[in-house]
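Understanding the architecture of this molecule
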Amino acid sequence: MVMEYFLSEEEQMMVETARTIAVEKIKPVREHYDEKEEFPWEIVKEFAQADLCGLYIPEAYGGMGFGIMGLVLVVEELCKVDGAIALSIACTALGTLPIIIAGNEAQKQKYLPDIASGKKLAAFGLTEAGAGSDATGMTTTAVKDGDYYVLNGTKCFITNGGDAETYTVFAKTNPSRGPRGISCFILEKGMPGFEFGKKEKKMGIKASSTRELIFNNCRVHKDNLLGKEGHGLMVAQATLDSSRPGVASQALGIAAGALDEAVAYARKRVQFGQPIASFQGIQHMMADMATKVEAARALLYASARMIDAATEKLTKAPEKRTSKESAMAKLYCSEVAMEVTTNAVQIFGGYGYSREYPVEKMMRDAKITTIYEGTSQIQKNEIALNLIKESAAKSK
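So, a few notes on the structure that sits alongside this text.

The next subject is the overall build of the protein chain. Across its full length, the protein chain carries 11 helices and 10 strands. At 21 Å, the protein chain has a C-alpha radius of gyration in line with the 21 Å of a compact globule built from 396 residues. Considered along the principal axes of its C-alpha atoms, the protein chain spans approximately 80 × 55 × 40 Å. Sorting the 396 residues of the protein chain into buried and exposed places 55% on the buried side. Contacts spanning at least 24 positions in sequence make up 75% of the contacts within the protein chain whose residues lie at least 6 apart. Here the protein chain displays about 17,400 Å² of accessible surface, and carbon together with sulfur accounts for 53% of that area. Considering the protein chain, the positive charge centre built from 47 side chains and the negative charge centre built from 49 side chains are found 4 Å apart.

To continue, consider the pairing of strand E5 (residues 182-188). Among the seven residues of E5, six are classified as buried, and the element is accordingly described as predominantly covered. Bridge count for E5 against strand E8 (residues 225-226) is two bridges, and the pairing is antiparallel. For Phe 185, the partnering residue across the bridge sits in E8 and is Leu 225.

Here the focus is the pattern of salt bridges. For the structure shown, the criterion picks out 25 salt bridges. Between Glu 77 and Lys 80 there is a salt bridge; the shortest N-O distance is 3.2 Å. Looking at Glu 77, the relative accessible area reads 7%, which means it is buried. Note that Lys 120 and Asp 114 form a salt bridge whose closest N and O atoms lie 3.8 Å from each other. For Lys 120, a relative accessible area of 28% gives the class partly exposed. Among the charged side chains, a network of salt bridges with common partners joins Arg 19, Glu 77 and Lys 80.

Another aspect to go through is the nonpolar core. Ranked by internal contacts, the top residues of the largest apolar core, which has 97 residues, are Phe 47, Leu 78 and Phe 170. With 15 residues, helix H7 (residues 232-268) is the largest single contributor of residues to this core. Formed by 21 residues, the second largest nonpolar core is a distinct cluster that contains Val 44, Ala 123, Ala 142 and Phe 194.

Conventions used here
- All chains use their own residue numbering, which begins from 1 and follows the written sequence.
- Given that the model is predicted, a residue must reach a pLDDT of at least 70 before its local features are reported, and side-chain atom pairs must reach 80 or more before they are shown or counted; all residues, however, enter totals for whole chains, interfaces and linings.
- Only hydrogens and water are set aside when side-chain values are computed; all heavy atoms of the structure are taken into account.
- Secondary structure elements follow DSSP: runs of H or I of four or more residues count as helices, runs of E of two or more count as strands, with numbering from the N terminus.
- Atoms considered for the radius of gyration are the C-alpha atoms alone. The globule rule reads 2.2 Å times the number of residues to the power 0.38.
- Exposed residues in this analysis have more than 50% of their type's maximum accessible area, buried residues have under 20%, and partly exposed residues fall in between, with area computed by a 1.4 Å probe over protein chains only.
- For this analysis, residues touch if any pair of their heavy atoms sits within 4.5 Å.
- Accessible areas in this description were obtained via Shrake-Rupley with a 1.4 Å probe; residue shielding takes into account the shown protein chains only.
- Only four residue types enter the charge count, namely Lys and Arg as positive and Asp and Glu as negative; His and the chain termini do not.
- In plain terms, the charge of a residue is placed at NZ if it is Lys, CZ if Arg, CG if Asp and CD if Glu.
- Strand pairing is assigned whenever DSSP detects at least two bridges linking the two strands.
- Each salt bridge in this description consists of a side-chain nitrogen of Lys or Arg and a carboxyl oxygen of Asp or Glu lying within 4 Å of one another.
- Note on terminology: a nonpolar core comprises buried Ala, Val, Leu, Ile, Met, Phe, Trp, Tyr and Cys residues joined through side-chain atoms within 4.5 Å.

Structure follows, in structure tokens:
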């Protein structure tokens, strides 16, 4: 039982649909996909049939028009059972948001309907080996050649890499201009000169593919430039403002799932002649876990509602940036996920460390949420910077 957040009837239906898929379709196979490190194409088909792929995409382009709130509700529910399989939706949203935010009408009409229907997945190509937290340190270039841009370079740690068909990729069109010399492009799987490198072997989220993107004289038509040349960093920042709650919802779902597993186990596990749930030490652990999960949920939902209000559910440019609130949600939910899953393993004891129970997987899956789309330290930088700006504005 969670607190009442007064979800609309449509939102409640989305959650129930996601819960049904999670329990009936994902739970029986989650160990298989984790152990085999396979991409869950059969589950993706279930998402598409249930109209979950276009939750956040505006109705004008074949989506459901529920904005970021719809996305986080569904991702949270799916991640209560498996934090990796839901990434096919969450990271497709990350790759799609640049098109929603900066795309022109022709680009939106061309790419969004197929993503909304689940026919195609998307990915976000920003990170490089030498440009993680410092995105401006990227070395991938896009040199203008007539009506085309020629891309050269490599991206790494790209979620959905190799499985997605649509990619929003960032490259330097004018390296001498620094942050103002970065542009964003839409690329398609199969373009000449666009190849995939190694698939990463990871600690967690093993059912989600993470690959290198390699560009070797890849020619991209100027019609695939998103927004204006040199506006790529702004597109990336606006995207992350809206997408970080997606990571937060993944983290929250994992934490909530681990809490459910820990409480159920504590009620059944008998030591010293009684269920361990009767011991005050365990009760206090569960109380702390539950309180933090609920606090994380409240912060996440509030930030998602704020983003949707600022953008009228992704149908217009934001009235103001929501970077502070987005960072707060991502920071807190991901840190809570690590704490709660670690404590869940502790409550299970030796069994928690074995693969017989799901909490060890939840702990492995939770860790990445404190790293990708900006580490916890980067989120704190973002929050502090905005606090300083707000204080300076008030003092004028």
